[in-house]
Amino acid sequence: MMADKKTFEENLADLEAIVSNLESGNVPLEEAMEKFKTGVTLSKELEKTLSDAEATVTKIMTKDGQEINLKNDQDEGKE
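The structure reproduced in this document is the subject of the present report. (Residues numbered from 1 in each chain as written. Predicted model: local features only at pLDDT ≥ 70, side-chain atom pairs only at ≥ 80, totals over all residues. Heavy atoms only, no water.)

**Considerations on the overall build of the chain**
Here comes step 1: Looking only at helices and strands, the chain features 3 helices and 2 strands.
Here comes step 2: Ordering the α and β elements of the chain from the N terminus gives α-α-β-β-α.
Here comes step 3: Looking at the chain as a whole, 11% of its 79 residues are labelled buried.
Here comes step 4: When the accessible surface of the chain is split by element, carbon and sulfur atoms take 55% of a total near 6,800 Å². (Helix = DSSP H or I, 4+ residues; strand = E, 2+ residues; numbered from the N terminus. Buried < 20%, exposed > 50% of the residue type's maximum accessible area, 1.4 Å probe, protein only. Areas by Shrake-Rupley, 256 points an atom, 1.4 Å probe, with all protein chains shown as cover.)

Below, the structure is given as structure tokens:
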């Protein structure tokens, strides 16, 4: 694997390539297992990127520089 961190889009493209490769059914079992493991890793990385982005988007800055997490404010009182 390259040392450079790939973008979300590159990781997603890699995952899609793995999925379509596995769906073709023409992959030897050992290679399929390796690709599946890589796919799971990519999936987790993509999920983390999305949740980090969501956390960033749901915060706003007040005038004095305090962050307010909008997501937590919306979730209160739902249960």
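**Description of helix 2 (residues 29-57)**
Here comes step 1: Counted at 1.5 Å a residue, the expected span for helix 2 with its 29 residues is 42 Å, and the 41 Å between its end C-alpha atoms agrees.
Here comes step 2: For helix 2, every residue scored as buried is listed here: Ala 32, Gly 39, Leu 42 and Leu 46.
Here comes step 3: Each element contacted by the buried residues of helix 2 is listed here: helix 1 (8-23). (Expected span 1.5 Å × (residues − 1). Contact = heavy atoms within 4.5 Å.)

**Details of the side chain of Asn 11**
Here comes step 1: On the secondary structure map, Asn 11 appears in helix 1.
Here comes step 2: Owing to a relative accessible area of 9%, Asn 11 belongs among the buried residues under this scheme.
Here comes step 3: Once you skip the residues sitting within four places of it in the chain, Asn 11 turns out to touch Lys 6, Leu 42, Glu 45 and Leu 46.

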